[in-house]
Amino acid sequence: MSTDSIQDYLDQHQERFMTELIEFLKIPSVSTAPEHAEDVQRCAEWVKSHLIGIGIDKVEVHPTPGHPIVYAEHCTQPDKPTVLLYGHYDVQPPEPLDEWVTPPFEPDVRDGKIFARGATDDKGQVFAHFKGLEALLKTTGELPVNVKIVLEGEEEVGSVNLENWINAHVDMLTCDSVVISDSSMFAPGLPSITYGLRGLMYCEVSVTGPGHDLHSGMYGGAVPNPINALATMIGKLTDESGKILVDGFYDNIEPLTEEERAQFASLPHTDEGFLKEVNGVGLHGEDGFTTLERIWARPTLDCNGIYGGFTGEGAKTVIPSKAHTKISCRLVPGQNSADIGKKMEAYLRKIAPDYVKVDFHLHHGGEPIVVNLDNPTVQAAQRALKQAWDKDAVAIRSGGSIPVVATFGDILNAPVVLIGLGLADDRLHSPNEKFDVTNFYHGITTSAYFYSELAK
Ligand code: BES
Ligand code: MN
Ligand code: MN
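Definitions and cut-offs
- Positions within a chain are numbered from 1, following the residues in the order the chain's sequence is written.
- As they are written, the chains are lettered A onward and the ligands numbered 1 onward, keeping that order.
- Predicted model: local features are reported for residues with pLDDT of at least 70 only, side-chain atom pairs are reported and counted for 80 or more only, and whole-chain, interface and lining totals are derived from all residues.
- Just so you know, side-chain values use all the structure's heavy atoms and leave hydrogens and water out.
- Each metal site lists N, O and S donors within 2.8 Å (3.2 Å for Na, K and Ca). With water left out of the atoms, a site can look as if it is missing ligands.
- Irregular is the label for any site that misses the other tests, which are tetrahedral for four donors with all angles between 85 and 135 degrees, and square planar for four donors or octahedral for six when opposite donors exceed 155 degrees and the remaining angles lie between 65 and 115.
- Where helices and strands are cited, they refer to DSSP runs of H or I of at least four residues and of E of at least two residues respectively, numbered from the N terminus.
- With a 1.4 Å probe rolled over the protein chains alone, any residue whose accessible area is under 20% of its type maximum counts as buried; one over 50% counts as exposed, and the rest are partly exposed.
- At least two bridges found by DSSP between two strands is the condition for calling them paired.
- Helix axes are fitted only over the stretch in contact, all axes being lines through C-alpha atoms; the angle between N-to-C directions runs from 0 to 180 degrees.
- We call two residues contacting when some pair of their heavy atoms lies within 4.5 Å.
- Domain ranges listed in this record stem from an automatic or a database domain assignment.
- Using a 1.4 Å probe, buried area is obtained as the accessible area two parts lose upon being combined, added over both of them.
- What counts as a salt bridge is simple: a side-chain nitrogen of Lys or Arg found within 4 Å of a carboxyl oxygen of Asp or Glu.
- Two N or O atoms count as a polar contact when they lie within 3.5 Å, although within protein this holds only if one can serve as hydrogen donor and the other as acceptor, and sequence-adjacent residues are included solely when both atoms are side-chain atoms.

Q: Whenever I open this one, the coordination of the manganese ion (ligand 3) confuses me. Can you help?
A: Ideal geometry at a metal centre gives angles of 109.5 degrees when four donors are arranged tetrahedrally and 90 or 180 degrees when six donors are arranged octahedrally. Distances from the manganese ion (ligand 3) to its protein donors, namely D121 (OD), E156 (OE), E156 (OE) and H429 (NE2), fall within the range 2.1 to 2.5 Å. Every donor counted, the six donor atoms about the manganese ion (ligand 3) form angles of 56 to 156 degrees at the centre, which fits irregular coordination. The sequence pattern describing where the donors of the manganese ion (ligand 3) fall on their chain is D-x34-E-x272-H. The manganese ion (ligand 2) is placed at 3.6 Å from the manganese ion (ligand 3), the two being bridged by D121. Linking E156 in the loop between β6 (146-152) and α4 (162-168) with H429 in the loop between β17 (416-418) and β18 (434-436), this pair joins segments that are 273 residues apart in sequence. Of the residues examined, E156 reaches a relative accessible area of 14% and is grouped as buried. Given a relative accessible area of 42%, H429 falls into the partly exposed group.

Q: How should the sheet that holds strand β13 (residues 322-331) be read in this particular structure?
A: Strand pairing in a sheet takes place through backbone hydrogen bonds and is either antiparallel or parallel in direction. Across the sheet, which stays open at both edges, the four strands sit in the order β11-β13-β9-β14 with antiparallel pairing between neighbours. Looking at which strands have only one partner, the edges of the open sheet turn out to be β11 (302-308) and β14 (357-366). The average angle at which neighbouring strand axes cross in this sheet is 15 degrees, direction not considered. Where strand β9 (residues 199-208) and β13 come together, 10 bridges link them in antiparallel fashion. Residue L200 lies in a different strand from β13, and its bridge partner there is R330. Sheet strands in contact with helix α6 (residues 226-235) are β9, β11, β13 and β14, and its direction is about 20 degrees off that of β13. Of the strands in this sheet, β9, β13 and β14 are in contact with helix α10 (residues 337-351), which crosses β14 at around 165 degrees.

Q: Can you walk me through the domain arrangement of the chain in this structure?
A: You'll often see interface size given as the accessible area lost when the parts meet. Examined at the domain level, the chain breaks down into domain 1 (3-197 + 369-454) and domain 2 (199-253 + 299-366). Spacing between the C-alpha centres of domain 1 and domain 2 amounts to 36 Å. Of the residues lining the interface, nine residues belong to domain 1; the matching set on domain 2 comes to seven residues. Buried area between domain 1 and domain 2, both sides added, is near 510 Å², and the carbon and sulfur share of it is 55%. Area buried by domain 1 at its contact with domain 2 is led by G158, S401 and P403, which between them contribute 50% of it. Between the two partners, domain 1 and domain 2, sit zero salt bridges. Our count for the contact surface shared by domain 1 and domain 2 stands at two residue pairs in polar contact (both at pLDDT 80 or more).

Q: Looking at this model, I keep getting lost on the environment of A116. Mind explaining?
A: Note on placement: A116 falls in the loop between β5 (113-115) and α3 (123-140). The exposure class of A116 is buried, given its relative accessible area of 0%. C-alpha separation for the pair A116 and T102, spaced 14 residues apart in sequence, amounts to 8.1 Å. For A116, the residues in contact, after removing those within four places along its chain, are L25, W100, P104, P107 and E433.

What follows is the structure, given as structure tokens:
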């Protein structure tokens, strides 16, 4: 397949591609919000009819105990490899709404970027593949390899039903490799292949003092305050040097090699630029590690939210009955999410004063991965990225988590290649999420070239 005819097709149709992406982004498929359950379902149906429309052979919506999985297949090349494209059509909640310049589900194109919830995570990246496949089908009448597509609607809530579904459909999902575009490039114009992702342990801790709220004058001073107790406990989770104090937390972690540290250090990163990206006052992390090492290859412990007591406007004098926090730990190879969950619970119970009650709830988890770059799938991706961006791809890791990557490796036993099309400043999970139009269009060519290169 000539790269010119792909580019021609893209040039002729790019406006329509953008119109279609806008339609996709308009559907508020917020997986965590029960009030959006119908929108999530509608989004799955939208994806199904879109895939049928571009000429994919078999397209199905599979119900699960949660949100549906869209499964599609176009396997017309018995002598060629089979690649499985994974992505997610669900999105994070858009709140806080008043910080959006334009509403999250009314996509707005300005300054060469499309702003909407899900623009880059993950609808825009997934849609680039749909258009890459369309370009191949329309210019050649066929796909150069066999393609299977799995799009889930629960990635943002921990992919809770996906593993069971994969296990129930192992034969159907047989493939030679897996491709995922749900991560970022290292810098604008610098194509990247992500070879490592961190795992995740997400839990919630509740501390109860008195059995009901109390007048803080009548009782204060003689009863425990659960917010104070929880704050003291949180203070004992880490120390000033950024070290995590949970017993056994660092057991079995594979240390970074000097080669890998040197490779990280060779990438075009500056702490000044990074600080600007987060719009912050200063950086803080574990002593003895660089910023890239901290976010890519070191485990973390962060409170994601804290609540309890009176948080309304003005003042109310009260000793609350309960206080809660939600905690995430990002994990690296050698760690396991279930094991870290147990260690976390044991440590919290150990440090809790005996005059409060502690409840511990594990939300979801995912395992860390580092993949081998030495395989034909990655080489096809490198050639495709080079053609699309006219630059050699760099190998990077990322601090985010995609739980299914480890699952695919374990169950399907196929190499996974992560071709991130987003940018670091895309504001995933934040107000004003965006996807650069350049990345969308280059993503489409990258995708079309990738499937063509895989056939070689
Ligand atoms: N696409 C992200 C993960 C990601 C972002 C990987 C940027 C690499 C670079 C994914 O949708 C996500 O947000 N994952 C969650 C985990 C999930 C279990 C909720 C995350 O990382 O917090
Ligand atoms: Mn994502
Ligand atoms: Mn996400």
